Amino acid sequence: MSLLMKRKNILQILFLILLVAGTVFVAIQNNNAPYKHSEGKIFGTYYSITYQSSDNLQQDIDAALKSVDNSLSMFNEKSTIARLNRGENPIVDDNLRFLFPRAMKVSEATDGAFDITVAPLVNAWGFGFKKEQWPTEAEIDSLRAFIGYKTVHLNDRTITKDNPKTMIDLSAIAKGYGSDAVAKALDKAKVKNYMVEIGGEVVVKGKNDKGKDWKIGVSKPSEDAEKHDTGYQCIISITDCALATSGNYRNFFYKDGVKYAHTIDPRTGHPVQQDIISATVVAPHCYEADAFATSFMVTGLAKAKQILAKQTQLNAYLIYINKEGEQEVWMTEGMKKYLKD
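1. Brief notes about the state of the cysteines
Item 1. A full pass over the atoms with the stated rule returns zero disulfides.
Item 2. Cys241 provides the cysteine sulfur closest to Cys286, a residue in no disulfide bond, and the two sulfurs are 9.7 Å apart.
Item 3. On the basis of relative accessible area, Cys286 is assigned to the buried category, the value being 0%.

Structure below.
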């Protein structure tokens, strides 16, 4: 072997040693980095983010939240969704272009229990809840004429509506997607351990500051939950996945002795009277956990079981009222591994 070749091999070995040493150094630095906390308000709700990093990543977090807000927020009059609902024809941004077809898939999977065009019915009944002047059957029928997820269409960079009165509202999936967006920004910044929560929709990765999986509490359903802390129904221990919970036990009303939830069934135009009062879903992505948890409040237990049998990427913890009026729990088999005392 020539002297030149020997020198070349030595240089290659030295380079590999330095590369390994640098990787070990970075890993040690990351493991010793402090856990930081960020919180604020977005999408009409609050967010809370914990992550381990030597750097302050608030700018990255803000950029991710702003991007989703400018696209999907019903509270931002300049958002793409708000402009669509005003009858404008904006270019569909990347966030909406990604989320729209996935919302349609959830609608198909739930036979229309999830519907991004239900907003006018929600608004009509919401007014009734406050004023005790519920919409008439004629008013409900008139609204249902321009409601239906199959009446809106994505065509590359534009969205068209069969009826110009149709409104698009992604609120039941946007918070989950927002959590996904922040998690993606943290991934890009090489963060290995974090928890992102927006309005109860959670994405977690790695370990918490105690070196354990992240623990999420599911509130115990109670009609007094708004006034009193009722504690946790269960603690779910997860990592490298997403979780969302929907519940009707805090939002309901009585009429003629019958209890109705504030959740509206887009297929009937009326508030739901289903048996599920709380649905927690664990999924690979938070947007789907968010959307399916909302859907199960509409479908009820029997239909939810059928959907979950097909959506094998999901696990669910469902609290429902049995025929005797008592609370019971049903969960998927895969959910059991997440439960902690």
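There is more to say, and it comes next.
2. Considering the sheet that holds strand S17 (residues 339-340)
Item 1. An order of S7-S8-S17 is seen for the three strands of this open sheet, with the pairing classed as antiparallel. Each having just a single partner strand, strand S7 (214-219) and S17 make up the two edges of the open sheet.
Item 2. In the sheet, S7 pairs with strand S8 (residues 232-238) via six bridges, with the strands oriented antiparallel. The residue of S8 that forms the bridge with Ser219 is Tyr232.

3. Description of the nonpolar core
Item 1. Grouped together as the largest cluster of nonpolar side chains are 62 residues, with contacts concentrated most on Leu186 and Phe296.
Item 2. Leaving out residues up to four positions away in the same chain, Phe296 has contacts with Ile276, Ala279, Val281, Ala304, Ile307, Leu308, Ala316 and Leu318.
Item 3. Residues Val202, Val204, Ile216 and Ile236 belong to the second largest nonpolar core, which totals 17 residues.

4. Considerations on the layout of surface pockets
Item 1. Its boundaries defined by the atoms lining it, the second largest pocket holds a volume of some 590 Å³.
Item 2. Lining the second largest pocket are 25 residues, with Tyr177, Asp180, Ala181, Lys184 and Ala185 sitting closest to its centre.
Item 3. Elements represented by at least two residues in the lining of the second largest pocket include exactly helix H2 (58-72), helix H4 (94-109), helix H7 (171-188), strand S6 (201-205) and strand S9 (241-247).
Item 4. Of the residues contributing to the lining of the second largest pocket, the split by class is 14 nonpolar, three polar and eight charged.

5. Observations regarding the sheet that holds strand S1 (residues 35-42)
Item 1. Ordered by their spatial adjacency, eight strands build an open sheet running S1-S2-S5-S6-S9-S14-S15-S16, and the pairing between neighbours is antiparallel. Either end of the sheet is taken by a strand with one partner, and the two such strands are S1 and strand S16 (327-331). In this sheet, neighbouring strand axes are inclined to one another by 10 degrees on average, regardless of whether the strands run parallel or antiparallel.
Item 2. Docked against the sheet, H7 engages strand S2 (45-52), strand S5 (194-198) and S6, running at close to 155 degrees with respect to S5.
Item 3. Strands S6, S9, strand S14 (276-283) and strand S15 (315-321) of the sheet are contacted by helix H8 (residues 286-299), whose axis makes an angle of about 160 degrees with S14.

6. Here's the deal with the packing of aromatic side chains
To describe a pair of aromatic rings, you give the distance between the ring centres and the angle between the ring planes.
Item 1. Summed over the entire model, instances satisfying the criterion amount to four aromatic pairs.
Item 2. Each member of the aromatic cluster is reached from another via a ring pair, and the members are Phe98, Tyr177 and Tyr287.
Item 3. Here the basic side chain of Arg102 rests over the ring of Phe98, its NZ or CZ set 3.7 Å away from the ring centre.

7. Here we look at H4
Item 1. Across its 16 residues, H4 extends 24 Å between first and last C-alpha, which sits within 8% of the 22 Å expected from 1.5 Å per residue.
Item 2. Listing the buried residues of H4 in full gives Asn95, Leu96, Leu99, Phe100, Ala103, Met104, Val106 and Ser107.
Item 3. Elements that come into contact with the buried residues of H4 comprise H2, helix H3 (80-85), strand S3 (152-155), strand S4 (158-161), H7 and H8.
Item 4. Just downstream of H4 lies Asp111, where phi reads positive at about 55 degrees.

8. Digging into the side chain of Thr45
Item 1. Of note, Thr45 is situated in strand S2.
Item 2. The exposure class assigned to Thr45 is buried, which follows from its relative accessible area of 17%.

9. What about the pairing of S3?
Looking along a regular strand, one sees the side chains alternate between the two faces of the sheet.
Item 1. Direction of pairing for S3 relative to S4: antiparallel, over a ladder of four bridges. Within S4, the position partnered with Asn155 by the bridge is Thr158.
Item 2. The hairpin turn running from S3 into S4, its antiparallel successor, is two residues long, and Asp156 in that turn takes a positive phi close to 55 degrees.

10. Focus: the environment of Ala242
Item 1. Structurally, Ala242 is set in strand S9.
Item 2. On the basis of relative accessible area, Ala242 is assigned to the buried category, the value being 0%.
Item 3. In this structure, the C-alpha to C-alpha distance between Ala242 and Gly176, residues 66 residues apart in sequence, is 8.6 Å.
Item 4. Excluding its chain neighbours within four sequence positions, the residues that come into contact with Ala242 are Val202, Val203, Val281, Val282, Ala283, Pro284, His285 and Cys286.

11. Points about the packing of H2 against H4
Item 1. Following both chains from N to C, one finds H2 and H4 inclined at 70 degrees, their axes separated by 8 Å at the closest point. By the angle between their directions, the pair H2 and H4 is classed as roughly perpendicular. The interaxial crossing formed by H2 with H4 has right-handed handedness. Taken together, the residues of H4 that come into contact with H2 (itself represented by Ser67, Val68, Ser71 and Leu72) are Asn95, Leu96 and Leu99.
Item 2. Tallied by class, residues from the contact of H2 with H4 come to four nonpolar, three polar and no charged.

What counts, and where the lines are drawn
- Residues numbered from 1 in each chain as written.
- Predicted model: local features only at pLDDT ≥ 70, side-chain atom pairs only at ≥ 80, totals over all residues.
- Heavy atoms only, no water.
- Disulfide = S-S within 2.5 Å.
- Buried < 20%, exposed > 50% of the residue type's maximum accessible area, 1.4 Å probe, protein only.
- Pairing = 2+ DSSP bridges.
- Helix = DSSP H or I, 4+ residues; strand = E, 2+ residues; numbered from the N terminus.
- Core = buried A, V, L, I, M, F, W, Y, C linked by side-chain atoms within 4.5 Å.
- Contact = heavy atoms within 4.5 Å.
- 1 Å grid on protein atoms, 1.4 Å probe; cavity = no way out; pocket = protein on both sides within 12 Å on 5 of 7 lines; lining within 4 Å.
- Points joined across faces, edges and corners; volume = space filled by probe spheres on them.
- Nonpolar A, V, L, I, M, F, W, Y, C, P; charged D, E, K, R; others polar.
- Axes fitted to C-alpha atoms, helices over the stretch in contact; angles between N-to-C directions.
- Phe/Tyr/Trp six-rings, centres within 6.5 Å; stacked < 30°, edge-to-face > 60°.
- Lys NZ or Arg CZ within 6 Å of the ring centre and 35° of its normal.
- Expected span 1.5 Å × (residues − 1).
- Parallel < 35°, antiparallel > 145°, perpendicular 65-115°, else oblique.
- Left-handed = near helix turned anticlockwise from the far one by under 90°.

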